[in-house]
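Commentary on secondary and tertiary structure
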Amino acid sequence: MNMKNDVDNTQQTLNNLCREALDISELDNTEDLFVYGLDSISIINIVAKINKEFNIEMSVNDIIENCTINQIANFILTSGNMSKQVNVHYDLIEPDNVNIHNKFPLTPIQSAYIMGRNTEFEMGGNGTHFYLELKTKYSPSNISKNLNEIIALIPALRTVFSDNYQQILERVPIYEIKTEEVVSNQVANRIKELRNEMSHQVFDPKTWPLFDFRILKIRKNEYYLFVSIDLLIADAASIIKWGNLLADMCSGGKYNLKELDISTRDYILACQRMKHTELYENDYNYWMNKIADFPESPNLPYCKNTRDIIKPHYSRFEYRMAPERWNILKSKFQKKKITPSAALCTIYAELMAKWSDQEKVAINLTAFNRFPVHPEVEELFGDFTTVIPLDYCSNKENDFWKAASVTQSKIYNALEHRHYDGVEFTQELAKYRKYEFGKAVMPIVFSSMLFENGNFGWSELGDIQYAISQTPQVFIDYQVMEDKGALCITWDYVNELFDKNIIKKMFEQYVVAVNNLLDEKCS
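Residues numbered from 1 in each chain as written. Predicted model: local features only at pLDDT ≥ 70, side-chain atom pairs only at ≥ 80, totals over all residues. Heavy atoms only, no water.

**Considering the sheet that holds strand β3 (residues 159-162)**
Here three strands make up an open sheet; going across it, the order is β1-β4-β3 and the pairing antiparallel. If you trace the sheet from one side to the other, it starts and ends with β1 (104-105) and β3, each paired once. Pairing of β1 with strand β4 (residues 165-168) involves two bridges; the strand directions are antiparallel. Residue pairing for β4: phenylalanine 104 is matched across the bridge by glutamine 166. (Pairing = 2+ DSSP bridges. Helix = DSSP H or I, 4+ residues; strand = E, 2+ residues; numbered from the N terminus.)

**Concerning the sheet that holds strand β12 (residues 463-470)**
Strand order across the open sheet formed by five strands is β5-β6-β7-β2-β12, with mixed pairing between neighbours. Bordering the open sheet on either side are β5 (178-181) and β12, each of which pairs with just one other strand. Going from strand to strand, the sheet's axes swing by 10° on average, the running direction of each strand aside. Two strands pair when backbone bridges link them, and strand β2 (residues 129-136) and β12 are joined in this way by seven bridges, in the antiparallel orientation. Note on β12: the bridge partner recorded for histidine 129 is glutamine 470. Against the sheet, helix α6 (residues 140-153) makes contact with β2, β5, β6 (211-219) and β7 (222-230), and its axis sits at roughly 165° relative to β6, the strand it touches most. (Axes fitted to C-alpha atoms, helices over the stretch in contact; angles between N-to-C directions. Contact = heavy atoms within 4.5 Å.)

**Topic: α6**
In a regular helix each residue adds 1.5 Å, so 14 residues correspond to 20 Å; α6 covers 20 Å between its end C-alpha atoms and thus fits that length. Three or more residues of α6 are buried, namely Pro140, Asn142, Ile143, Ser144, Asn146, Leu147, Asn148, Ile150 and Ile151. Residues of α6 that are buried in the fold lie against β2, β5, β6, β7 and α8 (236-250). (Expected span 1.5 Å × (residues − 1). Buried < 20%, exposed > 50% of the residue type's maximum accessible area, 1.4 Å probe, protein only.)

**Examining the pattern of salt bridges**
Counted by the stated rule, this structure contains 26 salt bridges. Here lysine 258 and glutamate 379 are joined by a salt bridge, their closest N and O atoms 3.8 Å apart. Of this pair, lysine 258 sits in the loop between α8 and α9 (264-274) while glutamate 379 sits in the loop between β9 (360-367) and β10 (386-393), and the two are 121 residues apart along the sequence. Owing to a relative accessible area of 35%, lysine 258 belongs among the partly exposed residues under this scheme. Ionic contacts of the salt-bridge type, sharing partners, join the residues Glu180, Arg190 and Glu193 into one network. (Salt bridge = Lys/Arg side-chain N within 4 Å of Asp/Glu carboxyl O.)

Read these as spatial facts, not as claims about activity.
What follows is the structure in structure tokens.
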């Protein structure tokens, strides 16, 4: 056996594999992978690829402890893992284009979204919804032409829902964007009217389309675009992809828009089949072993009984950290081998614990990773949101980095057992605790959209003027993303549920805590 050849071949294979997972062209074998933007999604993908390629059983924590290509190669060649039987195995799926327009089941999160429209559910009565307004230079004809191209090639945008099933329509009419010209002294009033109509829009899931675009012409070569989307058809990753695609096409870019071999239906049916595997059973047992000791959601200082709020209205706080400061903070995270998402989530969970006066709290994390069942799966458009229940214990030792490391380990462990969906765990938790029907079990949410090479494409389409989202049974929805190099943090919260001064103070304390990390004033 030529040991040097083994080492060289292993390192080269790992280099290729990690470059693909991190979407980068060059990677130094001696450099820590965190320098290249390693995050929870990419690390899970890397682990899956390594285990498949080398027929071993490497964990996320193994990657963190051996975080260069050379270290991972050494681990593979010397750990004795070669003889282990791999538990995580994904059968590649064959696209079924013949039956693409047949009905197929909802995902767990889609079922929850539809049930949450019912006002019998605590803080229900709303759709799960994304809304924004922006000023753009692109004409209605330009936007309309490219939007219709996207609709024709992305099956998820032609989906309707009925009787616990969904269906991709084979044909839909040309989508016409409602456009009107407004005189200058009426622009503000008309924007307000359309915002009131569209910002909390609830679509009929049985009727296409589940989105609504409107345009006001406010002056020569300047337009005001309203975008309203039901999140039954698109998760956060897909919404960002939609914005990137539309912006690039409107600007005359060379975006390679092509019809995929795999469809939303193919992927969801593959996930359904996964429920009959040993992998799913193992993950089910993992979560059931946590259920007895799982903490309650934060009992925050609400100003109104949640059952008295019908069809809640959401408001937003937002904060933007300049690229220069954000880059410094990211460098600190990299040196500590903590992902930005884990660090920011730790601050959030700690704040929720303090304001609820609880030692332990449950936070609902959303994830957007897809199982590697087809080479095109990362390009797939649809709602594949999964939920990660996080059990957070307050930072008694006043050691922030230790607390963030614990949070990160819990997130990674949850992701490694994500084949049993967090929505299902939440339902079992409600049964175990004998909650009343319709109770919001985990209404405090953390959503990280800090993807590699992240950019919020809608801001490339124009200057964003207003944005809001809402989800049934969610009291606070924390969202974080990167846009044009800046860190963007928003809280969408139920307006009727909080005293405005208290929720504002909570958000301000969070922003101060994040900025304190730059000055190492964190405890």
